[in-house]
Amino acid sequence: TPREKEEYKMTIRFATKEDEIRIIRAIQNKHMDYNQPTHVREDIRANRLIVVEDKGKLLGSCALVYESNFGYYAIKRLCIFAKTSRGKGVATAMVKWLCDYFSMLKIGATPWTTNPTMCHIFEKLGFEYQYTFSTYYMFYLLKRK
């Protein structure tokens, strides 16, 4: 019998100080070098960290950070916390929410060359590949209609 697909009723919102410890624990469990507790604290303080939750459980987070050297806002540190939440539309919903909420901003993203899933998500949401840099990063820019 086919495995039932879990249905999420996702809420996407800005992270609060009350979310901080749960986010830090989630990223520490993943042993990520690109997403550190100091990032979480700074991003919450700057009101630029977005979280996705379902029934009170945090599923993922990402930040939208202004890159003054390049003149765009970058989607950074996108993370889906549990493997069981991957492939269920959480990252897509988060990126779509950011693009809709910040509809007047120039938005870019730099997924790793080894992450074709994120590249696919960005492309299906209207981002266009621009170039590869530093061997492992690709730059995508959102093309607005």
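Predicted model only: the values in this text are computed from it and were never measured. (Residues numbered from 1 in each chain as written. Predicted model: local features only at pLDDT ≥ 70, side-chain atom pairs only at ≥ 80, totals over all residues. Heavy atoms only, no water.)

Thoughts on the packing of aromatic side chains
Aromatic rings in a pair are described by how distant their centres are and how their planes are angled relative to each other. Scanning all chains against the criterion turns up 15 aromatic pairs. Between Phe-14 and Trp-97 the ring centres are 5.7 Å apart and the planes differ by 75 degrees, which places this aromatic pair in the edge-to-face class. A residue pair is termed long-range when its members are at least 10 positions apart, and Phe-14 in strand β1 (residues 11-14) and Trp-97 in helix α3 (residues 90-101) qualify at 83 residues. (Phe/Tyr/Trp six-rings, centres within 6.5 Å; stacked < 30°, edge-to-face > 60°. Helix = DSSP H or I, 4+ residues; strand = E, 2+ residues; numbered from the N terminus.)

Overview of the sheet that holds strand β2 (residues 49-54)
Across the sheet, seven strands lie side by side as β1-β2-β3-β4-β5-β7-β6; this open sheet has mixed pairing. Edge positions in the open sheet fall to β1 and β6 (127-133), since each of these has one partner strand only. Each neighbouring strand pair of the sheet contributes to a mean axis angle of 25 degrees, computed without reference to strand direction. Sheet topology places β1 next to β2; four bridges connect them, and they run antiparallel. Bridge assignment links Phe-14 to a residue of β2, and that residue is Ile-50. Here helix α2 (residues 37-45) sits on the sheet and contacts β2, β3 (57-67) and β4 (72-80); the angle it forms with β2, its principal contact strand, is near 100 degrees. (Pairing = 2+ DSSP bridges. Axes fitted to C-alpha atoms, helices over the stretch in contact; angles between N-to-C directions. Contact = heavy atoms within 4.5 Å.)

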